[in-house]
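Architecture at a glance
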Amino acid sequence: MSKVATKNYVVVSPLTYTGAETRGFTYDSGEQELPVGQIVKVPLGRRQSLGVVTQINLPKPEFATKPVSEVLDLPPLPAHITNLATWMQDYYYASAKSVWQTLLPAGITRKRRIKEVEPSPLTLKPSTEPLTAEQEAAIKVVETGQRPTTLIRGVTGAGKTRIYMELVATELAKGNSAIILVPEIALTPQLLALFHARFPNRILAYHSTLTESQKHVAWQRALLSEEPMVVVGARSGLFLPLARLGLVVIDECHETSYKQEQNPRYHAVTAAAQLARLAGAKLVLGSATPGVQEAYLASEGRLNLAELTKRVQNRSHPEIKVIDMRQAEVKQCGSQISRPLLQALTETLEAGRQSLLFINRRGSASSHQCDDCGYVSSCPTCHLPLTFHGDRTKLLCHICNYQLTPPAICPECSHASFKFLGGGTQRIEADIQRLLPKARLARLDKDSARGHDLAELHRQLHAGEIDILIGTQMIAKGLDLPALDTVGVINADTMLHMPDYSASERTYQLLTQVAGRAGRGDASGMVYIQTHSPTHPAVTATVNGDYWKFANAELAERQEHGYPPFRYLLKLTVSHQDKATASRRAQELYGKLGQVEQVRRLGPAPALYDRAGGQYHWHIIVKAASRPRLLAVAKLLPDWCKTDIDPINLL
Ligand SMILES: [Zn+2]
Ligand SMILES: [Zn+2]
């Protein structure tokens, strides 16, 4: 009698499998018992593929199985990472390949030498100031709140970073690791130096400028470390395999860079909430201007809420003035600079202080607006502004393809003074040169923001060699100039009237951030916002700092018109270099989606930026009250169609 060896059966998710319809395949590992998270090599078709064990202890299947070829000499991934991969595949209807490419570093089988942590080139002293009452209260909410997730809404300069550090210290003392995510642009040497100083030998920096090899080394250090570690990184730092994860922090959680724009198009906040749940960790979301999605969850009691209303060191909030551009007396002929703004710029220049002019360059929607009352034509179905396409004979809804002959007479005020919105921003510099010939100007935008130039520009700004800085979105992020007294927003309407459901939210966030650049020194700052829509909630909330009033007004709008968080959205993009083919494919796809029940199809319509990268782009937007309905749609889609579940914009 010989004892028959029993085989072990496991499910392996292959790192190279491109289909989204399956989570993995069953293999046998012979007599060897493998743990969940073990990285192995398995046969897949005629090739060998790396894979991760996702399920173990399966009964012997009815069908024949192939054996696991090789077990890699690495400790298993933590269970929360393996489970997150499965969740991501299901939640975003994504292939194993796209998910593992997101979660694991490239070249995982390579042997790399693990170096000691490099000391930070900067040495900064962490703050030893006592915590403010608001900071202490926020920490208490995180640690004792009913929910695993806490939203910390704190005005710029309220000392959120200090709160994160105290929370990290608590976790480290318990033997737990922590992950701090910040937007790539905020991941500065100064921030890293602060964390290095407070937590020596514990910091793992992780961001997109690391080489493939550096990323792999950081990943290995996380996986092999027996000590708790602190990841300070950009979006993908979330997936470092730390064994005992106690805390995840997402700072500036409203930033659009937390959404990945390649498959699987995940949002770091959503993925972090799931990761924290799987790991039994706490999640902290920090922002001065959280998205209304988070506001909604907080108001429903599904997040703990802590608010910081005071700037540390009692720096004052800037004063904000709205300039109503509908009023003839503020306008200057042939210029986009109003009289009050010009006067402020002149006075600031004469006082030897600095000014900043903000122009919106988030693409430019070609729309038109009544110069007398601010009216913009919008789609009766989608409640989004209509834009011109090609020639300027038709206004079009780029979501549902509704078309309208542009009105000559304003339906609101009966005047005939429509003007084009968007464009013209390049004229600002020339405008200022003409109006203030003595001022020393500089531009800060994507073109001028490259390495050396940027450092030189910052030096000039701090040395007071520049009087007026003109720039785009980048300005809003982190510029800290003590001599900056005056901020001017040239045209809030170009942001406000973008044909997108999140336009109001983005406008409020940008205006608040831009305004926060003024008055960071001893003098109090002045902010001027030029707009034809002075009563819009995004504008008034910026002025009076009433975040909740804005969030509630915006949520009411979204509920009425069926946008997130009250409806789930799926954005489909059909692209082709041939114009007719793009349109025909979009029509066919639209027809095919008719078989899915309980969803609403909008379109097909040419995308707002309908010709980009040598191709024609069409969109179909699908709305549903339940998210699984959108997954039912995703399952029907051909692979030439770009799929974005939970898109953060409809552009
Ligand atoms: Zn009008
Ligand atoms: Zn429409």
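Rules of the game
- Residues numbered from 1 in each chain as written.
- Chains lettered and ligands numbered in written order.
- Predicted model: local features only at pLDDT ≥ 70, side-chain atom pairs only at ≥ 80, totals over all residues.
- Heavy atoms only, no water.
- Helix = DSSP H or I, 4+ residues; strand = E, 2+ residues; numbered from the N terminus.
- Rg over C-alpha atoms; globule rule 2.2 N^0.38 Å.
- Areas by Shrake-Rupley, 256 points an atom, 1.4 Å probe, with all protein chains shown as cover.
- Lys, Arg positive; Asp, Glu negative; His and termini not counted.
- Charge placed at Lys NZ, Arg CZ, Asp CG, Glu CD.
- Donors = N, O, S within 2.8 Å, 3.2 Å for Na, K, Ca; no water.
- Tetrahedral: all angles 85-135°; square planar, octahedral: opposite > 155°, others 65-115°.
- Buried < 20%, exposed > 50% of the residue type's maximum accessible area, 1.4 Å probe, protein only.
- Pairing = 2+ DSSP bridges.
- Axes fitted to C-alpha atoms, helices over the stretch in contact; angles between N-to-C directions.
- Core = buried A, V, L, I, M, F, W, Y, C linked by side-chain atoms within 4.5 Å.
- Contact = heavy atoms within 4.5 Å.

**Points about the overall build of the protein**
Regarding its fold elements, the protein presents 17 helices and 28 strands. Relative to its length of 651 residues, the protein is compact, with a C-alpha radius of gyration of 27 Å against a globular reference of 26 Å. Structurally, the protein occupies a C-alpha span of about 105 × 65 × 45 Å along its principal axes. Carbon and sulfur atoms make up 49% of the accessible area of the protein, which amounts to about 29,600 Å² in all. With 73 positive and 61 negative side-chain charges, the protein shows a separation of 5 Å between the mean positions of the two kinds.

**A few points about the coordination of the zinc ion (ligand 1)**
Taken together, the protein donors to the zinc ion (ligand 1) comprise Cys-370 (SG), Cys-373 (SG), Cys-410 (SG) and Cys-413 (SG), at separations of 2.3 Å. Considering all four donor atoms around the zinc ion (ligand 1), the spread of angles at the metal, 104 to 114°, places the coordination shape in the tetrahedral class.

**Focus on unusual backbone geometry**
Trans is the prevailing form of peptide bonds, just as negative phi is the prevailing case for residues other than glycine. Of note, the bond from Asn-263 into Pro-264 is cis; its omega dihedral lies within 30 degrees of zero at -10°. By secondary structure assignment, the location of Pro-264 is in the loop between strand E11 (245–251) and helix H7 (268–279). Cis geometry is found at the peptide bond from Gly-603 to Pro-604, where omega equals -5°. Relative to the assigned elements, Pro-604 resides in strand E26 (residues 600–612).

**Re the coordination of the zinc ion (ligand 2)**
At 2.2 to 2.4 Å from the zinc ion (ligand 2) lie its protein donor atoms, namely Cys-379 (SG), Cys-382 (SG), Cys-397 (SG) and Cys-400 (SG). Of note, the zinc ion (ligand 2) draws all its donor residues from one chain, in the sequence arrangement C-x2-C-x14-C-x2-C. You can see Cys-379 sitting in the loop between strand E16 (367–370) and strand E17 (387–388) and its partner Cys-400 sitting in the loop between strand E18 (395–396) and strand E19 (403–404), a full 21 residues away along the chain. Across the pair, exposure class does not vary: Cys-379 and Cys-400 are buried alike.

**Here we look at the sheet that holds strand E28 (residues 641–645)**
An order of E26-E27-E25-E28 is seen for the four strands of this open sheet, with the pairing classed as antiparallel. The two strands at the open ends of the sheet, each matched to only one other strand, are E26 and E28. Going from strand to strand, the sheet's axes swing by 20° on average, the running direction of each strand aside.

**Description of the nonpolar core**
The biggest cluster of nonpolar side chains holds 91 residues, and the ones touching the most others in it are Leu-77, Trp-100, Trp-219 and Ile-250. For this core, the leading source of residues is H7, giving six residues. In contact with Ile-250, other than residues within four places in its own chain, are Leu-181, Tyr-258, Ala-268, Val-269, Ala-272, Leu-283, Val-284, Leu-285 and Gly-286.

**What to know about the sheet that holds strand E4 (residues 47–58)**
Read from one edge to the other, the open sheet built from six strands follows the order E5-E2-E1-E4-E3-E6, with strand pairing classed as mixed. Edge positions in the open sheet fall to strand E5 (66–67) and strand E6 (70–71), since each of these has one partner strand only. Against the sheet, helix H2 (residues 96–103) contacts strand E1 (9–14) and E4, and its axis sits at roughly 80° relative to E1.

**Remarks on the pairing of strand E23 (residues 484–489)**
Regular strands show a simple pattern: their side chains alternate between the two faces of the sheet. With six of six residues buried, E23 is to be regarded as a mostly interior element. Where strand E15 (residues 354–358) lies against E23, five bridges are found, and the strand directions are parallel. Bridging from a neighbouring strand, Leu-356 pairs with Val-487 of E23. For E23 and strand E24 (residues 526–531), the ladder comprises four bridges, and the chain directions are parallel. When the sheet's bridge partners are listed, Val-487 is paired in E24 with Val-527.

**Examining the pairing of E15**
The element E15 is largely enclosed, with a buried count of five among its five residues. Because side chains alternate across E15, one face comprises the buried residues Gln-354, Leu-356 and Phe-358, and the other comprises Ser-355 and Leu-357, equally buried. With four bridges connecting them, E15 and strand E22 (residues 468–471) associate as parallel partners. In the sheet register, Phe-358 faces E22, and the bridge partner there is Gly-471.

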